[in-house]
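Close look at the chain arrangement
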Amino acid sequence: MYKGFYNLTSGMLTQQRHLNVVGNNMVNISTSGFKESRYTATTFDDVMYSRVGNKEKVYTDIGRQSYIRANSEITVIYDQGIPEPTNIPLDFAIMGDGFFAIQDEEGNVAYTRAGNFSLDDEGYLCYPGQGRVLDREGEPIVLATDKLNVDAQGNIFTQNGGYLGSLGVYTFPEEDMQTLEQDDRGFFIGEGAEAVDSPQILWKYLERSNVDMIRQMTEMLTCQRALQSAASVSKMYDEVMGHSANDIGRM
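In this text, all values refer to a predicted model and were calculated from it rather than measured experimentally.

The helix and strand inventory of the protein stands at 3 helices and 18 strands. Across the 251 residues in the protein, those meeting the buried criterion constitute 35%. For the protein, long-range pairs separated by at least 24 residues make up 67% of all intrachain contacts whose partners lie at least 6 apart in sequence. Looking at the protein as shown, the accessible area adds up to about 14,600 Å², and 50% of this sits on carbon and sulfur atoms.

This is the structure:
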């Protein structure tokens, strides 16, 4: 009987973690360039198999019972979001794979699909509150004006045709994509980024989030109902255990 508490508790924890991921997706549905995350879980005995296996992936069977579910992974979905025209001269959208690179004051670089940039006090192209946008050589881009012309490869010119710089678009090897760490604002941290030679850039556009609101609402309702059901059954278990301890004990 007591083993049921393991299943119920793990169920509540799993659904709460799932709700956290869904909630973060829904909060960022209007965030430019945000990428949806999906939560998956696995049974505890499967996790144990993966921990005790050797490097040849020959695993030792240590038991078949499973009383709890554990977090397996949170997968980021990198599907292209819909480009949306803004008619703002410092807005850019990437078509296809890749990220803009943003460098903070300490030299740390983060990557994002959001291209809603501005100019800082020194005339550098920047992402407000995060840092300066890097070009294809990994250097900050100085514009000093928003009176621009930009071609489809992200080359930036003055209205008179003077060259100002090129937007850097960076990609990661396929095996490194799921190791990128994403923060709450949709920025990614990782190693091994390489500049794209001929990126495809839409000027005066922003890429919308790829979060599917209907899917997220459905998952949220499913998780909430599962969480409520597990909580209700746990109360029943508590009552049954109370009777077993008091009534049966007197007999």
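Anyway, onward from the coordinates.
The subject of this paragraph is the environment of asparagine 25. By the secondary structure assignment, asparagine 25 is in helix H1 (residues 3–27). For the pair asparagine 25 and arginine 38, spaced 13 residues apart in sequence, the C-alpha separation works out to 8.9 Å. Leave out the neighbours within four places in its chain, and asparagine 25 touches Phe34, Glu36, Ser37, Val211 and Gln216.

This brings us to the pairing of strand E12 (residues 163–166). Bridge count for strand E11 (residues 155–158) against E12 is 3 bridges, and the pairing is antiparallel. Note on E12: the bridge partner recorded for phenylalanine 157 is tyrosine 163. Once E11 ends, the chain turns through 4 residues before running back antiparallel as E12, passing glycine 161 with a positive phi of about 95°.

With that settled, the discussion passes to the sheet that holds E11. Read across the sheet, 3 strands follow the order E10-E11-E12 without closing on themselves; strand pairing throughout is antiparallel. A strand with exactly one partner marks an edge of an open sheet, and here the two such strands are strand E10 (148–150) and E12. Within this sheet the neighbouring strands show an average axis-to-axis angle of 25°, counted without direction. Relative to E11, E10 runs antiparallel, the two being bridged by 3 bridges. Bridge pairing in E11 places leucine 148 opposite threonine 158.

It is worth spelling out unusual backbone geometry at this point. Although it is not a glycine, alanine 144 sits at a positive phi angle of roughly 70°. A positive phi is found at lysine 204, a non-glycine position, where the angle reads about 65°. Its place among the elements puts lysine 204 in the loop between strand E17 (200–203) and strand E18 (205–207).

The next subject is the nonpolar core. Within the largest apolar cluster, 20 residues are counted, with the highest numbers of intra-cluster contacts made by Phe100, Phe117, Leu125 and Leu167. Looking at this core, the elements that each hand over two or more residues are strand E4 (92–95), strand E5 (99–103), strand E8 (125–127) and E10. Excluding its chain neighbours within four sequence positions, the residues that come into contact with leucine 167 are Phe92, Phe100, Phe117, Leu125, Val133, Leu134, Asp135, Arg136, Ile141, Gly154, Ile156 and Ile201. Residues Phe99, Ala101, Tyr111 and Met177 belong to the second largest nonpolar core, which totals 10 residues.

Bringing the side chain of glutamate 36 into the picture now. Position of glutamate 36 among the secondary structure elements: in the loop between H1 and strand E1 (37–43). Classification of glutamate 36 by relative accessible area gives buried; the value is 3%. A polar contact is formed between the side chain of glutamate 36 and the side chain of arginine 38, at a distance of 3.1 Å. Residues contacting glutamate 36, with those up to four places away along its chain left out, are Asn25, Thr75, Val76, Ile77, Asn210, Val211, Asp212, Arg215 and Gln216.

Glancing now at the packing of aromatic side chains. The tally for this structure, following the rule as stated, stands at 11 aromatic pairs. Taken together, the ring pairs connect Tyr78, Phe99, Tyr111, Tyr170, Phe172 and Phe188 into an aromatic cluster. Across the ring face of tyrosine 124, the terminal group of arginine 132 is positioned such that the distance to the ring centre comes to 3.7 Å. In this structure, lysine 204 is placed above the aromatic ring of tryptophan 203, and the distance from its NZ or CZ to the ring centre is 4.5 Å.

Evaluated as defined, the whole model comprises 7 salt bridges. Counted as one network, the salt bridges with shared partners bring together Glu36, Arg38, Arg215 and Glu219.

With that settled, the discussion passes to the environment of threonine 75. The topology assignment puts threonine 75 in strand E2 (residues 69–76). In this structure the C-alpha to C-alpha distance between threonine 75 and threonine 179, which are 104 residues apart in sequence, comes to 9.5 Å. Aside from chain neighbours lying at most four places away, what touches threonine 75 is Glu36, Ser37, Arg38 and Gln178.

The rules we used
- For every chain, the first residue of its written sequence is number 1, and the numbers climb from 1 along that sequence.
- At least 70 in pLDDT is required for a residue's local features to be given in this predicted model, at least 80 for side-chain atom pairs to be given and counted, and no such filter applies to totals for whole chains, interfaces and linings, which use all residues.
- The basis for every side-chain value is the complete set of non-hydrogen atoms in the structure, without hydrogens or water.
- Secondary structure is summarised from DSSP: a helix means a run of H or I of at least four residues, a strand means a run of E of at least two, and numbering begins at the N terminus for each.
- Three labels apply to residues, based on accessible area from a 1.4 Å probe with only protein chains included: buried if under 20% of the type maximum, exposed if over 50%, partly exposed otherwise in between.
- Only heavy atoms enter the contact rule, under which two residues are in contact if any of them lie within 4.5 Å.
- Computed with a 1.4 Å probe, the accessible areas rest on the Shrake-Rupley method; for each residue, only the protein chains presented here act as cover.
- Any two strands between which DSSP finds at least two bridges are classified as paired.
- Every angle, taken between N-to-C directions, lies between 0 and 180 degrees, and every axis is a line fitted to C-alpha atoms, over only the stretch in contact when it is a helix.
- Nine residue types can take part in a nonpolar core, namely buried Ala, Val, Leu, Ile, Met, Phe, Trp, Tyr and Cys, and a core is a set of them joined through side-chain atoms within 4.5 Å.
- Definition of a polar contact: a pair of N or O atoms within 3.5 Å, with one able to donate and the other able to accept a hydrogen when the atoms are protein atoms, and with sequence-neighbouring residues admitted only if both atoms are side-chain atoms.
- Paired rings are identified among Phe, Tyr and Trp, the last through its six-membered ring, by centres lying within 6.5 Å, and are further divided according to the angle between planes into stacked (under 30 degrees), edge-to-face (over 60) and tilted (the rest).
- Only Lys NZ and Arg CZ are tested; either one counts as a charge over a ring when it is within 6 Å of the ring centre and within 35 degrees of the ring normal.
- Salt bridge criterion: a side-chain nitrogen from Lys or Arg within 4 Å of a carboxyl oxygen from Asp or Glu.

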